[in-house]
Amino acid sequence: MLTEMNTTRTRPRVALLIGGRSTEHSISCLTAAGVLTHLDRDRYDVIVLGITRSGAWVHLPDDATPLEGGRAEVDPQAPAAALVQTADGCVHAWSGGRDRGRVDVVFPLLHGPFGEDGTVQGMLEMLGVHYVGAGVFASAAGMDKQFTKVVLAGAGLPVGPYVAATAQRFERESDAVLAECARLRPPLFVKPARAGSSMGITRVTDLAQLEDAIREAQRHDPKVIIEQGIEGREIEVAVLQGRDGKARVAPIGELIMDLPSDGFYDYETKYFAHDAVTMACPAELTAEQEHTIRDLAIRTFEALECEGLARVDFFLPSDGNPVINEINTMPGMTPYSMFPYLWAAGGLHYTELVSELIELALQREQGLR
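Right, let's walk through the structure included here.

## Observations concerning the packing of aromatic side chains
Counted under the stated rule, the structure contains zero aromatic pairs. Just above the ring of Tyr131 sits the side chain of Arg364; from NZ or CZ to the centre is 4.5 Å.

See the structure below:
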């Protein structure tokens, strides 16, 4: 039977869960490097658990250095690891044939499918362990760009025109899908429906390119969404769960991109071409625009029943009416990420932000809520 390894420990023990099976594996590692560097060691103990690209769980050293640089991977040769529920209902980390002690809260720093999409959240719910971030439904709906729009539109929130196509539908009804897309105003953005970090996205200006763009997106996800391009400013809002009431919003930011006219905020630009992107905070908005965007961000967070944290991204066209682009229920927390940058601008710096997320998770009721 597993036993508690350190009965005198009083600080909460945080298990960082990093890597994962998605194409955003390396971004997860980079996010984890940031959190490891800034986690308050006077308040929390930590253990680092990695998920390799093949899905194996391993125990990693408490060291941010191997995870930095943006191309890092979880070491598949590291000792095998697992989370195990004991007879007393506690959850322990296990690796190398040893009980590594109780885990009080899991921080799933996973981006993309098989991590940010409700799969890991469901496992953690079944284990009965506290965890940072959105629950099963919010994670799943927030990961799927089509169902994000369905939920938000149902709540009366503004979303842009789009067409969604599963692999089965596109194979059976490709002509109908292409005809629906032809009714959208170009440029079109063809995206994997359940991927992030701008993976697999193609900007289409000629409908003759559309089928190839869909096939490219399907390399990342069999389900594809085709969105009508919206010309406007790109506004980003960092949201935190409220302690006893409405969600909290950081100062609003804007992405200002120095890109060619046919460019967009793709994966390479987002994480490596740092000179091409400026993060402006606070964004230059009228008082009315700021009030509207803050309200829409909170309503988005609540419509999806989010918990913990999220980043809500908007387009702000020239008519001044914001349109919700997407929500990220586990936004990047790399040194170049908007979420920690916006909260730092609001006076909540990285270490305090990480602590606040852990405390929100520890205070959250378990089970149905």
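## Observations concerning unusual backbone geometry
Residues Pro186 and Pro187 are joined by a peptide bond in cis, for which omega reads 5 degrees. Topologically, Pro187 is positioned in the loop between helix H5 (167–182) and strand S10 (188–192). Residue Cys281 is joined to Pro282 through a cis peptide bond whose omega torsion reads 5 degrees. Position of Pro282 among the secondary structure elements: in the loop between strand S16 (277–280) and helix H8 (287–303). With phi around 60 degrees, Phe114 is a residue other than glycine that occupies positive phi space. Inspection of the secondary structure puts Phe114 in the loop between strand S7 (105–109) and helix H2 (119–127). The class of Phe114 is partly exposed, set by a relative accessible area of 40%.

## Description of the nonpolar core
Judged by nonpolar contacts, the single largest core of 41 residues is most densely connected at Leu16, Ile18 and Phe107. Of all the elements in the fold, those that place two or more residues in this core are strand S1 (13–19), helix H1 (25–38), strand S2 (45–51), strand S3 (57–60), S7, strand S13 (233–240), helix H9 (338–345) and helix H10 (350–363). No other element matches the six residues that H10 contributes to this core. If we ignore the near neighbours within four places in the chain, the residues touching Leu16 are Val35, Leu36, Leu39, Val46, Ile47, Val48, Leu49, Phe107 and Leu109. Membership of the second largest hydrophobic core comes to 26 residues, among which are Ala247, Ile293, Phe301 and Leu304.

Rules behind the numbers
- Residues numbered from 1 in each chain as written.
- Predicted model: local features only at pLDDT ≥ 70, side-chain atom pairs only at ≥ 80, totals over all residues.
- Heavy atoms only, no water.
- Phe/Tyr/Trp six-rings, centres within 6.5 Å; stacked < 30°, edge-to-face > 60°.
- Lys NZ or Arg CZ within 6 Å of the ring centre and 35° of its normal.
- Helix = DSSP H or I, 4+ residues; strand = E, 2+ residues; numbered from the N terminus.
- Buried < 20%, exposed > 50% of the residue type's maximum accessible area, 1.4 Å probe, protein only.
- Core = buried A, V, L, I, M, F, W, Y, C linked by side-chain atoms within 4.5 Å.
- Contact = heavy atoms within 4.5 Å.

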